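# Commentary on secondary and tertiary structure
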Amino acid sequence: MRISPPWGLALLLAVPTVQAEPLAFDAALQQARQASGSVRGAELNAQARQLQAQALDRLGWPTLSAGGFAGRLSNTLSVDTSGLAGALNPALDTLGAVFPSASVPQVPDLYTTSRQTNLASVGLSSVWPVYTGGRLSALQDLAAGRAREAEVEHTEADDQLATLAAQRYFTVPLARQALALREAASQGIGEHLRAAQLLEQQGLIARTERLKAEVALATARRDEAKARSDLALAELALQRLLAAPQPVQPSTPLFVHSAGVGPLAGFVDAAMAHHPAWAKLAAKREQADAQRRLSGTPGAPNVAALAHYNYNGGRHQTLQPNWQVGVVVSLPIFGAVDHGRLREAARLDQARVELSAAQAERDVPTLVESQWRALENARAQFQTTAASIELSREQLRLARIAFQNAQATSVEVTDAQLGLAKAQIERSQAAFDYVMALARLLEACGQPQRLPELAASADTRIE
């Protein structure tokens, strides 16, 4: 007897679909990195902070600048001649009396002359910070610490993306298997309905048994439609994560390591060595120490060497070329900024970083153990599903035989059929839970890049 496919499957086969492109998980992860706005944004932020730190590399070097001036100057010269006037004017008065016809001028008490000059000037200046109380090196270390923190944040964003990519990638094969099992359950219940219809026609079962089979088939088809919708949503979520122009077909199946992936102690050691928290705390420590040094030592002077050469052009010789070389010392006495409070704030920042480090030393191993135990629980759950599936198959076989001999009801057959589908879906779900627990464990250890390697080494795959 030729059995036609269920109406849902027939409709799915009749509608043209876009051919999905096979894609392994490692390639999908790389594609997700390129498409991720959060990872790309963190990368750009790290690059910007690195450039800012590099811009301060020569902060303690001498500077050289050129300057120019063009304009009109006015010079006023005043000479006190009162002493000379007091000595000469009496003699000049006597001379005027002797020679009344002669005009003898008097010596003024003050001689003033003004001169205006057009001036064009070009000069070179250099300043070299000799001693700043460690402030310049503190600025450089602060910028370097921020650059390292931004790099760690980029790593954290990449690790989180790896877990998200695993969740969306492996959800697709899980949804595909759920749909296939729901389709198989619908087909099995459909066959049971046809058998019930024949038995009803022969008067071997009551009409209610056939109606129960029809209700069970409608329920199975509803579950099948939901599974198809879940698959479409999973494929769309993966496609958008990868920014792919068309749907992709995951080629890396769900997997399980029957013997486990290693003891807890090994993962704890890996987390204590590779978790991004440690690099971030080191960057925070560097910044806190730089903030403390940036506040300065009380009473520390600033010392700088200066050099200047200025050339004044023009025809006038009054303004001659000039140069100067020297040392400038600035000793703070009173300022508008309370550096004592700044130093206290920097000390509190250092204490806060150390408290965070102590907390992380407790939290990271706890997180790793939690994820490792979730991984082992999923592995144990998967291993128990094989016996459940075998039992469900046997129960379905016996229920069908008993129904044919009028020793079982239609409900018992459909329950057995749905029970088999449920056991098979639980097996796939356990494998998915195992993969996700492994992805989260690797993220907690700072090693999410190991997931493709462990997927390839798994001895059990759910094709």
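Everything discussed here concerns the structure shown above.
Here goes a summary of the coordinates provided. (Residues numbered from 1 in each chain as written. Predicted model: local features only at pLDDT ≥ 70, side-chain atom pairs only at ≥ 80, totals over all residues. Heavy atoms only, no water.)

Counting through the fold element by element, Thr252 comes out in the loop between strand 4 (248-250) and strand 5 (254-256). Taking relative accessible area as the criterion, Thr252 reaches 15% and is therefore assigned buried. From its side chain, Thr252 meets the backbone nitrogen of Phe25 in a polar contact 3.0 Å long. With near-sequence residues (within four places) excluded, Thr252 lies in contact with Leu23, Ala24, Phe25, Tyr169, Phe170 and Ala455. (Helix = DSSP H or I, 4+ residues; strand = E, 2+ residues; numbered from the N terminus. Buried < 20%, exposed > 50% of the residue type's maximum accessible area, 1.4 Å probe, protein only. Polar contact = N/O pair within 3.5 Å; in protein donor to acceptor, adjacent residues only side chain to side chain. Contact = heavy atoms within 4.5 Å.)

Next up on the list: helix 7 (residues 264-274). For helix 7, the complete set of buried residues consists of Leu264, Phe267, Val268, Ala270 and Ala271. Seen from one end, helix 7 has its buried residues packed into an arc of 160°, which puts them on one side. Summarising the geometry of helix 7, the exposed residues directed more than 90 degrees from the buried face are Ala265, Asp269 and Ala273. Where the residues of helix 7 are buried, they touch helix 8 (276-294), helix 9 (339-404) and helix 10 (410-444). (Arc of directions from axis to C-beta.)

Membership of the largest hydrophobic core comes to 64 residues, with the highest contact counts inside it found for Phe170, Phe255 and Val368. The leading source of residues in this core is helix 10, at 12 residues. Apart from residues no more than four positions distant in its own chain, Phe255 is found in contact with Phe170, Ala431, Tyr434, Val435, Leu438, Leu451, Leu454, Ala455, Ala458, Thr460 and Arg461. Judged by nonpolar contacts, the second largest core, of 11 residues, contains Ile205, Leu396, Val413 and Leu420. (Core = buried A, V, L, I, M, F, W, Y, C linked by side-chain atoms within 4.5 Å.)

A few words on a nonpolar patch on the surface. Together, Leu64, Leu124, Tyr309, Tyr311, Trp323 and Val325 give the surface a local cluster of nonpolar side chains, amounting to about 750 Å² of exposed area. Along the chain, Trp323 turns up in strand 7 (residues 322-330). On the accessibility criterion, Trp323 (63% relative accessible area) is exposed. (Patch = residues over 30% accessible without salt bridge, like charges linked within 9 Å, V, L, I, M, F, W, Y side chains within 5 Å. Areas by Shrake-Rupley, 256 points an atom, 1.4 Å probe, with all protein chains shown as cover. Salt bridge = Lys/Arg side-chain N within 4 Å of Asp/Glu carboxyl O.)

Mapped onto the secondary structure, Arg352 falls in helix 9. Note on Arg352: relative accessible area 44%, which makes it partly exposed. Each C-alpha atom of the pair Arg352 and Arg285 lies 9.6 Å from the other, and the pair is 67 residues apart in sequence.

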